[in-house]
Amino acid sequence: MSCFSDLEHSTASAAALGLWFSCALILAAVLRNNRFAGKTAFSLTLSAMLWWLFAVYFELVGRQEDCKLIWSLAAWPAITLLPIAWSLFIFDYTMNQPPLWRWQRLLALVGLPGIVTLVALSNAQTHLLYGTDNQMVTEGGYTFVRYDHGPLFYIVAAVLYVFVSSALGVLGVAMAKGKSVIRPFLSVLAIITIAPLLANMGYVLYGLTIFGFDPTPFAFALALIALSWMVFNNTIMDTATLGRELMFSDTGDPVFVVDAKGRLASANPAAQALFSEALPRPGESLSHLGQIGRLLDEIVRARVPVPVDTLRLGQKVFDPRIRPIDSPIPGPNALLGWTVSLIDITERERTAETLREALARAEDANQAKSRFLANVSHEIRTPLNGILGMASLLGETDLSPEQRDYLQVIDDSGQVLLSTIGDVLDLSKVEAGQMALESRAFAIRDTIESAQMLFSARAREKGLALTATIHPDLPERIMGDEHRIRQVLHNLISNAIKFTDAGSVTLDAAPSDTGRWLVVRVTDTGPGVPTKARQTIFLPFHQADAGDSRKFGGTGLGLAISRHLCALMGGSLDLGPEIEEGETFEMRLPLVPADPEAPEGAPLSLPPSPAAESVVPPAAATAVAASAQGAPLRIMVVDDNRTNRLILEKFLSATPCILHSVASGPEAIDLARTELFDVILMDIQMPGMDGLEATQAIRRIERETGRSPSRIVAVTANAMPEQFQQYLEADMDQVLSKPVSKVRLLALINQIDKRALV
């Protein structure tokens, strides 16, 4: 322990200690954070350096010759290990690959230092490293030992020179093969490698010393510190930096770097190719580059990125991305410059334009489909108006039972055709996202009970029991679209009766366990839905029995439309669990109790649908078209179709009204100039002047004369909601869709208050 005491510190020992702490900090940084090729060998080099400097420090502060000799011998394992690890690091770092020749490496890193360690431990007996003629001398204020080098000293030094020389050879090959950008760095790395070698050769051959001591460890330590700084800050071999450089140089998008005054600092090859000869040299302004020049001038003035749309340069379209380059030192002039990236979005714009054109074509096609369906609906409803209207009038005459059966077939067939065209229109509206919903307060019990009553007669004809169960916890009135809920209920009940030959159909309505949902189940005792059809039954035009020999008719649209309607109302329509007999369809809708003060049927959030005007109670058929004072209503029928006029005239013939009929818009206008009418039943599609133009002309006459406006009702075969809305916006009061039934017509006439028209 005497070699750790009686120490004498000096400038040389302080330098050694300072170098030791520097290398220790570098090693800690390498082990914790830095990732680079040759890290393991570099860490071993630093570890050996620490070992060597530790021995050097105690050799320098020791006062006794024996202690100095002991610390010098203790340094030999590190003296041997350091050049070997250094050489392996140079190889790994320049080749940028994982360590090769693992067992040879292990032999070099462990074998040779191990042999030297054994020689150092036995030096007192063998004198292979240091002989017996070591002398303690004092020169220039420093006390040191002038060693008598043994034969192995020179042999080990020669072997270590071979390792260092091989590292220099690797560096030479790397400089020869490498790109010009890496050669300066490799040259400095070679100089750093040569410096300790030259220092050691000067010591061995010429007795060169520092503080009277071998300069090799100091040279190695300084070289390692310099090398560490280069490795840590090297942007040439750094993956991230090289990647950024590659992104800058190889990207197909033009990129500029400009200083705070808008002068060009750098431009990548894509920018050079884009502007060619127009691109200025570094340090010159870019103001002359058209749009990009004006943009940069504006940014320089504002000193903040300026929002900008796309730029069109030649045949290409660019999206400019501008980012400030801030100084790492905060201050009033922290802005160093800007990076300007021109992202080439030409293909994206072309694709977007193609998509816009495709969307426009799709919208045109959708509108064409809507117009086609509307026209088909109109052309079907117009003759249906004649068929069903005349069938209704014929039903009021004396007919034999056989004739009445024939008439019923005509009426049923017309109703099926009307229902089919309605389903097709509904499906078209759902698919186009044009289905409008209402939210009204209505009595859900009345809705369910009326649905039961409506289908009771049909159920009795088939010998089926149709029952309805309503849970007492269900609110009296709820919010929703009563018309669409009825539509779904009617479809489910109608299907259940159609597909059930014996047994019963049960309608059950109750709140869910959480009280958030209205759950309506329609259960029948029919054959049920086959397993293979359960996944497709809700698809348009799909039926459980879709073969040519199917027993039941229908378009296969009802369930598809019903499910869409439930989804639009925020709910669902699904099949219940599969059972042995029968089937259950379950409708779930949001259960929102209505405000007790809300009037029945009053819309609370959405305007009423025009289609609702055609839904009236059957009892209205007994209405009498007369005013509150008993005076008959004055009614004008305007329709270019003689059959349609005849049907309306016959429907109204039993009422005490004064009726006039005309066949065109101009005739209606002429008559309206001289006569005052309470109600005008106006057809829409007429040759020459349509019903909308005629309505506008009549409204002008009313405003000019100051008389009370007539109640103008659009009587139309157009059945699209947007068409209904168009008629109401054109100053018509109500809409009555064709085919017109006598019940609905008389109910509508009965609703008109004569006192409001006088």
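Residues numbered from 1 in each chain as written. Predicted model: local features only at pLDDT ≥ 70, side-chain atom pairs only at ≥ 80, totals over all residues. Heavy atoms only, no water.

## A word on the overall build of the protein chain
Put simply, the rule reads: Each helix is a run of H or I in the DSSP string that is no shorter than four residues. Each strand is a run of E no shorter than two, and both are numbered from the N terminus. Under the scheme applied here, a residue whose accessible area is under 20% of the maximum for its type counts as buried, over 50% as exposed, and between as partly exposed, the area being computed with a 1.4 Å probe on protein chains only. By definition, residues are in contact when any of their heavy atoms lie within 4.5 Å.
Within the protein chain, the regular secondary structure consists of 23 helices and 19 strands. Across the 758 residues that make up the protein chain, the buried fraction comes to 45%. Considering only intrachain contacts with a sequence separation of at least 6, the fraction spanning at least 24 residues in the protein chain is 66%.

## Focus: helix α18 (residues 642-653)
For clarity, the threshold we go by: An expected span of 1.5 Å times one less than the residue number is assigned to each helix. In this context, the arc is that of the directions from the helix axis out to the C-beta atoms.
Taking 1.5 Å per residue, 12 residues should reach 16 Å; α18 reaches 16 Å between its end C-alpha atoms and fits that length. Listing the buried residues of α18 in full gives Asn-644, Arg-645, Ile-647, Leu-648, Phe-651 and Leu-652. Looking down the long axis of α18, one finds its buried residues gathered within 160 degrees of arc, a one-sided arrangement. Facing away from the buried side of α18 by more than 90 degrees, the exposed set consists of Arg-642 and Ser-653.

## Some points on the sheet that holds strand β17 (residues 679-683)
Pairing between the strands of a sheet comes from backbone hydrogen bonds, and it takes one of two forms, parallel or antiparallel. Using the following cut-off: In this scheme, strands are said to pair when DSSP sees at least two bridges between them. Orientation is described by axes fitted as lines to C-alpha atoms, over the contacting stretch for helices, and by angles from 0 to 180 degrees between their N-to-C directions.
Spatially, five strands are ordered β16-β15-β17-β18-β19 in an open sheet, and the strand pairing comes out parallel. Looking at strand neighbours, the two that pair on one side only are β16 (658-662) and β19 (734-737), the edges of this open sheet. Each strand axis lies, on average, 20 degrees off the axis of its neighbour in the sheet, ignoring direction. Where strand β18 (residues 711-716) meets β19, four bridges bridge the pair, whose relative direction is parallel. Paired with Thr-716 across the bridge in β19 is Ser-737. Together, β15 (634-638) and β16 form the strand contacts of helix α19 (residues 665-674), whose direction differs from that of β16 by roughly 140 degrees. Relative to the sheet, helix α20 (residues 691-705) contacts β17 and β18, its axis offset from that of β17 by approximately 150 degrees.

## Notes on the sheet that holds strand β4 (residues 264-267)
Spatially, the five strands line up as an open sheet ordered β4-β3-β7-β6-β5, and their pairing is antiparallel. The sheet terminates laterally at β4 and β5 (311-313), the two strands that pair on one side only. Geometrically, the sheet is characterised by an average inter-axis angle of 30 degrees between neighbouring strands, direction not taken into account. With three bridges connecting them, β5 and strand β6 (residues 316-326) associate as antiparallel partners. In the sheet register, Leu-311 faces β6, and the bridge partner there is Phe-318.

## Description of a nonpolar patch on the surface
Applied cut-off: Exposure above 30% relative accessible area and no salt bridge define the residues that can form patches, which grow by joining like charges within 9 Å and nonpolar side chains of Val, Leu, Ile, Met, Phe, Trp and Tyr within 5 Å. Here the accessible surface of atoms and residues is derived via Shrake-Rupley with a 1.4 Å probe, and residues count as covered only by protein chains that are part of the display. In the sections that follow, a salt bridge refers to a side-chain nitrogen of Lys or Arg positioned within 4 Å of a carboxyl oxygen of Asp or Glu.
Together, Leu-198, Met-201, Leu-205 and Tyr-206 line one region of the surface with nonpolar side chains, adding up to about 470 Å² of accessible area. For Met-201, the location among the structural elements is in helix α8 (residues 183-206). Met-201 gets classed as partly exposed once you look at its relative accessible area, which sits at 31%.

## Points about the nonpolar core
Selection rule: To define a nonpolar core, start from buried Ala, Val, Leu, Ile, Met, Phe, Trp, Tyr and Cys residues and group those joined through side-chain atoms within 4.5 Å.
With 70 residues, the main nonpolar core has Leu-46, Met-49, Trp-52, Trp-76, Trp-86 and Leu-129 as its most contacted residues. Elements represented by at least two residues in this core include exactly α1 (11-32), α2 (39-61), α3 (65-74), α4 (76-95), α5 (102-121), α7 (151-177), α8 and α9 (216-233). With 14 residues, the top contributor of residues to this core is α2. Ignoring any residue separated from it by four or fewer positions in sequence, one finds Leu-46 in contact with Cys-23, Ile-26, Leu-27, Val-30 and Leu-224. By size, the runner-up hydrophobic cluster in this structure holds 41 residues, among which are Leu-437, Ile-448, Ala-509 and Leu-591.

## What about α8?
Under the 1.5 Å per step criterion, the end-to-end length of α8 is 33 Å for 24 residues, consistent within 8% with the ideal 34 Å. Count one or two residues on from α8 and you reach Gly-207, which has phi positive near 70 degrees.

## Some remarks on the packing of aromatic side chains
The test is simple: Each pair of aromatic rings taken from Phe, Tyr and Trp, with Trp reduced to its six-membered ring, is defined by centres within 6.5 Å and is described as stacked if the planes are under 30 degrees apart, edge-to-face if over 60, and tilted in the remaining cases.
Per the counting criterion, the structure on display carries 10 aromatic pairs. Note on Phe-153 and Tyr-154: the rings are 5.3 Å apart at their centroids and 80 degrees apart in plane angle, and the pair reads as edge-to-face. Within the aromatic cluster, the residues linked to one another by ring pairs are Phe-54, Tyr-57, Phe-58 and Trp-71.

## Re the environment of Ala-717
Within the fold, Ala-717 resides in the loop between β18 and α21 (721-729). Spatially, the C-alpha atoms of Ala-717 and Ile-684 are 8.3 Å apart, while their sequence positions differ by 33 residues.

## A closer look at the pairing of strand β3 (residues 255-259)
Counting buried residues along β3, five of its five residues qualify, which places the element largely inside the surrounding structure. Every second residue of β3 is oriented toward a common face, with Val-255, Val-257 and Asp-259 on one face and Phe-256 and Val-258 on the other, all of them buried. Taken together, the three bridges between β3 and β4 define a ladder with antiparallel strand orientation. Considered in β4, the bridge of Phe-256 is made with Ala-267.

## A look at the pattern of salt bridges
With the rule as written, the count across this model stands at 19 salt bridges. Salt-bridge contacts for Lys-738 lead to Asp-639; the nearest nitrogen and oxygen are separated by 3.2 Å. Linking Lys-738 in the loop between β19 and α22 (742-751) with Asp-639 in the loop between β15 and α18, this pair joins segments that are 99 residues apart in sequence. Among the residues examined, Lys-738 registers a relative accessible area of 3% and is labelled buried. Arg-711 is paired through a salt bridge with Asp-733; the nearest N and O atoms lie 3.9 Å apart. On the criterion of sequence distance, the pair formed by Arg-711 in strand β18 and Asp-733 in the loop between α21 and β19 is long-range, its members being 22 residues apart. Residues joined by salt bridges that share partners form a network here, namely Arg-699, Glu-702, Arg-711, Asp-731 and Asp-733.

## Description of unusual backbone geometry
Of note, the amide linkage connecting Lys-738 to Pro-739 takes the cis form, showing an omega dihedral of 0 degrees. Mapped onto the secondary structure, Pro-739 falls in the loop between β19 and α22. A positive phi angle, close to 55 degrees, is found at His-127, a residue other than glycine. Among the secondary structure elements, His-127 is positioned in the loop between α6 (123-126) and β1 (135-139). With phi around 80 degrees, Asp-731 is a residue other than glycine that occupies positive phi space.

Any functional reading would require information that these geometric values do not contain.
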